[in-house]
Amino acid sequence: MVVRILLLLVLFFLTSYNLGLNDIWQPNEAFYAETAREILEKGNPLELTYNYEPRLEKPPLTYWLTALSYSLWGIGEWQTRIVPLLSAVGTALLLIFYGRAVVGSLSVGLLSALIFLSSLQVFSLARYDAPEMPLTFFLTGAFVFLHLYDQRNSLLYLFLSGLFLSLALLTKGIPFVVPYLGTYLFYLLLRLWLFEEGNLREVVKKFSFTAAVTFVASLPILGWYLYCYLHYGELFLKVFYSEVIHRAINPNKGWNLFFYPVVILWAFLPFSPIFYYSLAGFLLRIGENRNYLFAFSQFFTFLAVFTVAKGKIPVYILPAFPFMAFLTARLLDKRHRALEFLNTLSPLLMTVATFAVVYLLGLPLDAGLILILLLSIALWFALKGWDITRTAVTVVPFLYLMTFQVLPFVEGYRPYREVLTSLKREFPDKKLVTDGVFYKNFPFYWRGKVYTQRGLSRFKPEDVLLFSTKPLEGWKVVREVELYTGSESRFVRFLKDIKEHKRFKKFYFLVRD
């Protein structure tokens, strides 16, 4: 247990260290950072705008929490990302509580938290302001307390579950009622079928009462939708259809049953092979693992719902990760030979990944990385062959490499803050106008509206600072900069493009000569 606690502290340090090092990532993180900044600037949390235009694509809670962070600690990069970081930590704490409450084992809870925080997708999204990590925290709380309500028949737990669900819906929207109620109905039916607990009438009664509580929990998000409709009218309806309905039923996208099982293979590393092994064992001996039936129901429901939905993005499966971690942690103290093999496979995978990144980017093997590798190898050998804590050890060198070398390295190719803030100081009264290319994080660093090409006709030329793809006659170049033209959200491709110097282009900031 001491080793797991120490590893949890190490993972927290690696995830949180230098949180504000990187400029706001573009395009997606910029939407949340700038919208929150504009909330603070205008003093109106009900008016969500990005670049001073209505921002209706997502419900308000992520923006509100980021704006709260700004009001407490100022506007900046680490203040932008403190919300997802605390959400990841909060999810880990809920897992520790869940393990103690459901299976009576603090060790299972600690191991679940360790597995969750060590997964690669959790590490990346804990350092990136977006709704996914707060959503995962709130949904985990909703499911944990729903399970405890079912076990102990306490209305307090159902109230807490409804409260967490309400916050989850304010984070990502009304569709998450479906996996919430779907999980509980599937769980009740599985118990009835497998263990003959209760009867169909009791299932209907329990589910109906929970559905009524769910409706009450949905009132805040329904109230938000009503406000947006009354305030924005048809614009809101168009955005809602595009973001919610069309994504789910998009007829132009076909079925892909294996999309999320493949995503899990890389996103849940280093534990994905062990998770699939644990899942197979659970299904073969489901009668012996009834304490894990709810966790399985949550995972299966999320997998089914988002497999059926036509719109597929890797981060959509993230809310299943806490319960996948819990299912994996059931292997605690299981002395299986297969676990010895899988615990050997994981260090090979993570070592290959570590050195592949070093080679790809031409990074030096610094003393810190070598020391971390040696310590991890020593600890790995010190633990029992079947102890899956060994697998958590293997991810530490890779996360160290990301935190201390890769993320600082990529900043050399992302001069947004330095360029925009220096130009704002030099030309505080000019209007920034983009000629054809719009970088989503420009408004955040410009601390004001960034105009598109049409702005050239709205302002006098001498009042404009022009961002252009080429020098123009009659305009003076005041800054030349090379920027990445792809999406930084596709981080692996971004790293590859840095290495090959692809999708980089020179741009020019111009003033009237």
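Quick note: structure is the one above.
Residues numbered from 1 in each chain as written. Predicted model: local features only at pLDDT ≥ 70, side-chain atom pairs only at ≥ 80, totals over all residues. Heavy atoms only, no water.

## Re the packing of helix α16 (residues 337-361) against helix α17 (residues 367-382)
Look at α16 against α17: their axes get within 12 Å of each other, and the N-to-C directions meet at 175°. Between α16 and α17, the interaxial angle falls into the category roughly antiparallel. Across from Asn343, Thr344, Pro347, Thr354, Phe355 and Val358 in α16, the residues of α17 making contact are Leu369, Leu373 and Trp380. Looking at the contact of α16 with α17 residue by residue, the classes come out as six nonpolar, three polar and no charged. (Axes fitted to C-alpha atoms, helices over the stretch in contact; angles between N-to-C directions. Helix = DSSP H or I, 4+ residues; strand = E, 2+ residues; numbered from the N terminus. Parallel < 35°, antiparallel > 145°, perpendicular 65-115°, else oblique. Contact = heavy atoms within 4.5 Å. Nonpolar A, V, L, I, M, F, W, Y, C, P; charged D, E, K, R; others polar.)

## A word on the environment of Ala248
Here Ala248 lies in helix α11 (residues 234-249). Along the chain, Ala248 and Lys310 lie 62 residues apart, while their C-alpha atoms are 5.0 Å from each other. Aside from chain neighbours lying at most four places away, what touches Ala248 is Ala309 and Lys310.

## With respect to the nonpolar core
If you look at the biggest cluster of nonpolar residues, it comprises 162 residues, and the most contacted ones within it are Phe268, Phe299, Phe321, Val406, Leu432, Phe442 and Phe509. The contact partners of Phe442, leaving out residues within four places of it in the chain, are Tyr416, Leu420, Leu432, Val450, Phe467, Leu483 and Phe509. In this structure, Tyr451, Val464, Leu466 and Tyr508 belong to the second largest nonpolar core, which totals eight residues. (Core = buried A, V, L, I, M, F, W, Y, C linked by side-chain atoms within 4.5 Å. Buried < 20%, exposed > 50% of the residue type's maximum accessible area, 1.4 Å probe, protein only.)

## A closer look at helix α22 (residues 491-500)
Taken together, the buried positions of α22 are occupied by Phe494, Leu495, Asp497 and Ile498. Mapping the buried residues of α22 onto a view down its axis gives an arc of 160°, with all of them on the same face. Summarising the contacts, the buried residues of α22 are in contact with α16, α18 (389-410), β6 (475-484) and β7 (504-512). Directly beyond the C-terminal end of α22, a positive phi value near 50° is found at His501. (Arc of directions from axis to C-beta.)

## Describing a nonpolar patch on the surface
A cluster of nonpolar side chains, contributed by Met1, Val2, Ile5, Leu6, Leu9 and Leu106, occupies part of the molecular surface with about 560 Å² of accessible area. Take the nonpolar patch: its biggest share by element is four residues, from helix α1 (residues 2-16). Tracing the backbone through its elements, the reader meets Met1 in the segment before α1. (Patch = residues over 30% accessible without salt bridge, like charges linked within 9 Å, V, L, I, M, F, W, Y side chains within 5 Å. Areas by Shrake-Rupley, 256 points an atom, 1.4 Å probe, with all protein chains shown as cover. Salt bridge = Lys/Arg side-chain N within 4 Å of Asp/Glu carboxyl O.)

## Things to note about the pattern of salt bridges
As enumerated under the stated definition, the model contains 23 salt bridges in all. Across the pair Lys206 and Asp150 runs a salt bridge, and its minimum N-O distance is 2.9 Å. With Lys206 in helix α10 (residues 200-232) and Asp150 in helix α7 (residues 132-152), this pair connects stretches of sequence that are 56 residues apart. Of the residues examined, Lys206 reaches a relative accessible area of 25% and is grouped as partly exposed. With a closest N to O distance of 2.8 Å, Arg479 and Glu418 form a salt bridge. On the criterion of sequence distance, the pair formed by Arg479 in strand β6 and Glu418 in helix α19 (residues 416-426) is long-range, its members being 61 residues apart. Residue Arg479 is classed as partly exposed on the basis of its relative accessible area of 24%. A residue is classified by how much of its surface remains accessible, and Glu418, at 44% relative accessible area, is partly exposed. Here the salt bridges do not stand alone but share partners, grouping Asp150, Arg191, Glu197, Lys206 and Arg290 into one network.

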